[in-house]
Amino acid sequence: MNNLLLGTGAIAGIVIGIVAFLLLLFAIWYISAYNKLIKKRNVLEEAWATIDVYLKKRYDLIPNLVNTVKGYASHEKETFQKVTEARAMAMSATTPAEKVEADRAFTNVLRSFNRVTENYPELKANTNFMDLQNQLKTIENELAQARKYYNATARDFNTKIQSFPSNIVAKKMKLEKQPYFELDSAEEKKNVTVSF
């Protein structure tokens, strides 16, 4: 009987040891998955912050550009009003999804603004206007690169939170799929023409 109790005690000790080992492995995996998700989220937030900086630079440049054009095209008040309204809407957006939508609207208004400027050859010769247009073109290129980087980080983040088994940890952390910064219409996919 003693041998049977000793054998049962040894088996119980082994089972407890295996369970403890498996719990330790699970804890290590969980901590690792948690830290990887935190890292991906931080990279995504940094990428979004970069887009935010370029959007702010873009929105800050527009009033100078509008004021320069106003002197040449004072009868285009409706276009200037739309640019001002689109800028205000874009600057008041808070979430990435709102900012993506506001930027789409702003880009469309900016296209119509650029069409207005094409009608004034004397404006195209103005050095201040040309400098502002070059700054806008540079910002647009930087913004395109920032969008590309953000979309890559959003892809990595979304893949990680949707992949098994890290999706278990992601659900506990209440992480959600992040939107891509993408163009959704044929008009938006066309290049912005900056002509002098």
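All residue numbers refer to positions counted from 1 along the written sequence of the respective chain. At least 70 in pLDDT is required for a residue's local features to be given in this predicted model, at least 80 for side-chain atom pairs to be given and counted, and no such filter applies to totals for whole chains, interfaces and linings, which use all residues. For the side-chain quantities, the full set of heavy atoms in the structure was used; hydrogens and water were omitted.

1. Focus on the side chain of threonine 153
Link 1 in the chain: Along the chain, threonine 153 falls in helix 5 (residues 127-162).
Link 2 in the chain: Residue class for threonine 153 comes out buried when judged on its relative accessible area of 7%.
Link 3 in the chain: It only takes one pair of heavy atoms within 4.5 Å for two residues to be counted as in contact. Look past the residues within four positions of threonine 153 in its chain and what remains in contact with it is Val43, Leu44 and Ala47. Elements are defined by DSSP. Helices are runs of H or I of four residues or more, strands are runs of E of two residues or more, and each kind is numbered from the N terminus. Residue burial is assigned from relative accessible area. The probe radius is 1.4 Å, only protein chains are included, and a residue is buried under 20% of its type maximum, exposed over 50%, and partly exposed in between.

2. Some remarks on the packing of helix 5 against helix 6 (residues 166-173)
Link 1 in the chain: Angles shown run from 0 to 180 degrees and are taken between the N-to-C directions of axes, each axis being a line fitted to C-alpha atoms and, for helices, limited to the stretch in contact. Following both chains from N to C, one finds helix 5 and helix 6 inclined at 100 degrees, their axes separated by 6 Å at the closest point. Taken as axis vectors, helix 5 and helix 6 run roughly perpendicular relative to one another. Here helix 5 contributes Lys160, Ile161 and Gln162 to the contact with helix 6, which in turn contributes Ser166, Asn167 and Ala170.
Link 2 in the chain: In the contact of helix 5 with helix 6, the residues fall into two nonpolar, three polar and one charged. We call two directions roughly parallel when the angle between them is under 35 degrees, roughly antiparallel when it is over 145, roughly perpendicular when it lies between 65 and 115, and oblique otherwise. Side-chain classes are defined by residue name, with Ala, Val, Leu, Ile, Met, Phe, Trp, Tyr, Cys and Pro counting as nonpolar, Asp, Glu, Lys and Arg as charged, and the others, Gly among them, as polar.

3. Considerations on the packing of aromatic side chains
Link 1 in the chain: The rule is short: rings of Phe, Tyr and Trp, with Trp giving its six-membered ring, pair when the centres are within 6.5 Å, and they are stacked under 30 degrees, edge-to-face over 60, tilted in between. Evaluation of the coordinates by the stated rule reveals six aromatic pairs.
Link 2 in the chain: Between phenylalanine 26 and tyrosine 30 the ring centres are 6.1 Å apart and the planes differ by 40 degrees, which places this aromatic pair in the tilted class. Taken as a pair, phenylalanine 26 and tyrosine 30 lie in helix 1 (residues 2-70) at a separation of four residues, close to a single helical turn.
Link 3 in the chain: We classify phenylalanine 26 as partly exposed; its relative accessible area is 48%.
Link 4 in the chain: Look at tryptophan 48 and tyrosine 150: their rings are 5.2 Å apart centre to centre, the planes differ by 65 degrees, and that puts the pair in the edge-to-face class. Residue tryptophan 48 is found in helix 1, and its partner tyrosine 150 is found in helix 5; the two are separated by 102 residues along the sequence.
Link 5 in the chain: Among the aromatic residues, those joined into a cluster by ring pairs are Phe26, Trp29 and Tyr30.

4. Comments concerning the nonpolar core
Link 1 in the chain: Nonpolar cores are built from buried Ala, Val, Leu, Ile, Met, Phe, Trp, Tyr and Cys residues. Side-chain atoms within 4.5 Å join them into one set. One finds Leu37, Ile51, Ile62, Leu65, Phe113, Tyr150 and Leu175 to be the most contacted residues of the largest nonpolar core, which totals 44 residues.
Link 2 in the chain: Breaking this core down by element, the ones donating at least two residues are helix 1, helix 2 (77-92), helix 3 (96-118), helix 5 and helix 6.
Link 3 in the chain: The element best represented in this core is helix 1, accounting for 15 residues.

5. Re the environment of leucine 55
Link 1 in the chain: With respect to the helices and strands, the residue leucine 55 is situated in helix 1.
Link 2 in the chain: Sequence spacing of leucine 55 and aspartate 103 is 48 residues, and the spatial spacing of their C-alpha atoms is 8.3 Å.

6. Digging into the pattern of salt bridges
Link 1 in the chain: Whenever Lys or Arg places a side-chain nitrogen within 4 Å of a carboxyl oxygen from Asp or Glu, that contact is recorded as a salt bridge. In the structure shown here, the tally under the stated rule is nine salt bridges.
Link 2 in the chain: Residue aspartate 60 pairs with lysine 56 through a salt bridge whose shortest N-O separation is 2.8 Å. Of this pair, aspartate 60 and lysine 56 both sit in helix 1, four residues apart, which is roughly one turn of that helix.
Link 3 in the chain: The class for aspartate 60 is partly exposed, based on a relative accessible area of 33%.
Link 4 in the chain: A relative accessible area of 44% means that lysine 56 is categorised as partly exposed.
Link 5 in the chain: Ionic pairing is found between glutamate 101 and arginine 104, a salt bridge with its closest N-O pair at 3.2 Å. Here glutamate 101 and its partner arginine 104 are both found in helix 3, three residues apart, which amounts to about one turn of the helix.
Link 6 in the chain: Glutamate 101 sits in the partly exposed class, given a relative accessible area of 46%.

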